[in-house]
Amino acid sequence: MIDAIDITKFYGDFPAVTGLSFSVEQGEILGFLGPNGAGKSTTMKILTGFIPPSSGTAKIAGYDIVEQSLQARKHIGYLPETVPLYEDMAVSDYLTFMGQIRGMSSSQVKTRIDEVVQLCRLEEYKDTIIGKLSKGYRQRVGISQAILHEPDVLVLDEPTIGIDPIQVVETRQLIKDLGEDHTLILSSHILPEVSMICDRVIIIHEGQIVAVDDPTNLGTNLAGVERVELEVKGPNREIMPALELIGGVQVIERVPVTGGAYHRYQITVDMGKDLRHELATMVVNSGWELLKLQSLGMSLEEIFLRLTIEEEQLPNPTGEMS
Amino acid sequence: MTNLLAITLKETKAYFSTPSAYIVGAMFLVLTGVFFVFDVSKPFAEAGVRGLSDWASFFIVFLAPLITMKLLAEEQKLGTLELLLTSPVREWEVVLGKYLASLLMLLAIQSVTLYYVFIVYFFGNPDTGPVISAYIGLVLHGAAALAIGMLGSSLSGNQIVSAVVATAILLIFSFINRVSSLVDGSVAEFISALSMNARLSDFSRGVIDLSHVVYFLSIVGIFLFLSIRSLETRRWR
């Protein structure tokens, strides 16, 4: 239903997402998990056709989001992270408008509004001006407009952010129910939320997919790796075997360097081991020059840690005030 | 087409249900009303609407941007543009739909000035031709001013910036004929051809020149096209 093929997006020189590929089957709920600024919202905006990817593409229900944007957009219901709504419209007027611009007939709009309003428990607020609603109810209006035209694909960007704990529980249940007859992508920076709702989870960090897994496996199969970048001035023939001798080194990859009488290596080491000290000592003791030694990015474990910590800082998700 | 109508309808409803358009309308009517009274209370005043239409088109320069400023700027600021443009709606439908709503609003405001025309007819015996041509000029000028306002609104998420940019463009188009006396030859001709004011005075004198009509309609076309383009490029930034 959703096929993302090698999506890359640059904001100026800054790569927001790089080489993102994944697919979502019909009826599946996919969770997009990552710390703030990982590229989740950018991916959502690209999938919904709001911003074009710098390279790569995606297909929604078989339609290319760049080439057949209008067709693709017909199959999407989208809730952006900020829940943008027209403040001075009444809920039912707003939903009518959103239905009309998605090509629904007026009778269709009428029956569907009654259905979604009931589903999202907004009956009492049908004639209320949106600007007067609380954050939680605005969220429901946002979800209502996303499902109004019965889209095949639902894209929900951080749907539980900023609403109170009891409403979080209700919203999560609502999303779970919606997942029964929609293909759904959900982004979140809260690990327990994703494992509660989703069939499959993609962990994204600094614009790249770092893990794809079943939510139940996420905690247990967290055997990841760490990478170190090393630049040394010396004979490559001797450096490589010397590196291999260090305990804990898994893979050594030589990265070509243009112009410069030194060698660059990316070394994959066992999870949780910091071999920087050993590497430095080895290089210096062999009489070579150490030019650079850097740990590359966050490991899966660290990302996991950050996600878990962020959940603890938030209100208790079960609704009991702690 | 249904998208366009839905957008026009929504924006028209928004105009009539929020106070800002009423305030702009009231300002316009008070200002034109005051100058209308000055004009007709002069000794040996002419029974006509020439003074009225000249002042009305002068105030439009400042009021049209106030009508259009929120149309796209607010959508960008609130982020609702994201939901609008991820719906199966084309950019031109958004721009044209909103433009038509602003045109309806302006026509509604301008039509109230017909009350002054009624007064002129009641107390005097004006020449009907110039009255009609003056109103045609007023509507065409208003349509052009709104299109320029539309571009201003597409350029920024800030309504004040949008209005100021549009007013600046409109002032240039209004008074550029003053510059033409400083240069000569074909440059001077070109500059005075760009000016709105020279053409408007023809309308209020009772002349409907087809080239003037084409001029104002071209301004509408060019600035709506630029607004659509501006909206499209927002996605790519």
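Preceding block: the structure.
All values reported here derive from a predicted model rather than from experimental measurement.

Student: Teacher, can you tell me more about the overall build of chain B here?
Tutor: In terms of regular secondary structure, chain B is built from twelve helices and zero strands. Element order for chain B, N to C, with α for helix and β for strand: α-α-α-α-α-α-α-α-α-α-α-α. Here the C-alpha atoms of chain B give a radius of gyration of 19 Å, agreeing with the 18 Å that 2.2 N^0.38 yields for 237 residues. Dimensions along the principal axes, computed over C-alpha positions, put chain B at roughly 60 × 45 × 30 Å. Expressed as a percentage of its 237 residues, the buried residues of chain B come to 43%. At a minimum sequence separation of 6, the contacts of chain B that also span at least 24 residues come to 78%.

Student: Sorry if this is basic, but what is going on with the sheet that holds strand 3 (residues 29–33) of chain A here?
Tutor: Residues and elements named next belong to chain A. If you trace the six strands from one edge of the open sheet to the other, you get 6-7-8-3-9-10, paired in mixed fashion. Of all strands in the sheet, those with a lone pairing partner are strand 6 (76–79) and strand 10 (208–213), marking the two edges. Across the sheet, the mean angle separating the axes of adjacent strands is 15° when strand polarity is ignored. Bridge count between strand 3 and strand 9 (residues 200–205): four bridges; the pairing is parallel. Bridge pairing links Gly31 to Val201 in strand 9. Along the sheet face, helix 1 (residues 40–47) touches strand 3, strand 7 (153–157), strand 8 (183–188) and strand 9 and points at about 150° away from the line of strand 7. Across the face of the sheet, helix 5 (residues 135–147) comes into contact with strand 6 and strand 7 while running at roughly 165° to strand 6.

Student: Would you mind going over helix 6 (residues 165–178) of chain A with me for this structure?
Tutor: One full turn of an α-helix is made of 3.6 residues, so residues set three or four places apart face in the same direction. All names here are of chain A. The end-to-end C-alpha distance of helix 6, which contains 14 residues, comes to 20 Å, matching closely the 20 Å that a straight helix rising 1.5 Å per residue would cover. Within helix 6, burial applies to Val168, Thr171, Ile175 and Leu178. All buried residues of helix 6 lie within an arc of 85° about the axis, which places them on one face of the element. Residues Gln173 and Asp177 are exposed on helix 6 and point more than 90 degrees away from its buried face.

Student: Even after reading the chapter, I still don't get the environment of Ser201 of chain B, so can you show me in this structure?
Tutor: Residues and elements named next belong to chain B. Relative to the helices and strands, Ser201 resides in helix 11 (residues 196–205). The class of Ser201 is partly exposed, set by 16 C-beta atoms lying within 10 Å. Between the C-alpha atom of Ser201 and that of Arg50, which follows or precedes it by 151 residues, the distance is 8.6 Å.

Student: So what exactly am I meant to see when it comes to the sheet that holds strand 4 (residues 55–60) of chain A here?
Tutor: The strands making up a sheet associate through hydrogen bonds between their backbones, and the pairing can be parallel or antiparallel. All names here are of chain A. As summarised here, the arrangement of the four strands in space is 2-1-4-5, forming an open sheet in which the pairing is antiparallel. Since the sheet does not close on itself, it has two edges, and those belong to strand 2 (14–24) and strand 5 (63–64), each with one partner. Where strand 1 (residues 2–11) meets strand 4, five bridges bridge the pair, whose relative direction is antiparallel. For Thr8, the partnering residue across the bridge sits in strand 4 and is Ser55. Where helix 1 meets the sheet, it contacts strand 1, strand 2 and strand 4, and its direction lies at approximately 120° from that of strand 1.

Student: Any chance you could explain unusual backbone geometry here in plain terms?
Tutor: In most cases, non-glycine residues show a negative phi, while peptide bonds are predominantly trans. Residue and element names in this part refer to chain A. Of note, Asp6 is a non-glycine position whose phi angle comes to about 50°, a positive value. Within the secondary structure, Asp6 is located in strand 1. Notably, Ala61 is not glycine yet its phi reads approximately 50°, a positive angle. Mapped onto the fold, Ala61 is located in the loop between strand 4 and strand 5.

Parameters and conventions
Residues numbered from 1 in each chain as written. Chains lettered and ligands numbered in written order. Predicted model: local features only at pLDDT ≥ 70, side-chain atom pairs only at ≥ 80, totals over all residues. Helix = DSSP H or I, 4+ residues; strand = E, 2+ residues; numbered from the N terminus. Rg over C-alpha atoms; globule rule 2.2 N^0.38 Å. Buried ≥ 20, exposed ≤ 12 C-beta atoms within 10 Å, placed from the backbone. Contact = placed C-beta atoms within 7 Å. Pairing = 2+ DSSP bridges. Axes fitted to C-alpha atoms, helices over the stretch in contact; angles between N-to-C directions. Expected span 1.5 Å × (residues − 1). Arc of directions from axis to C-beta.

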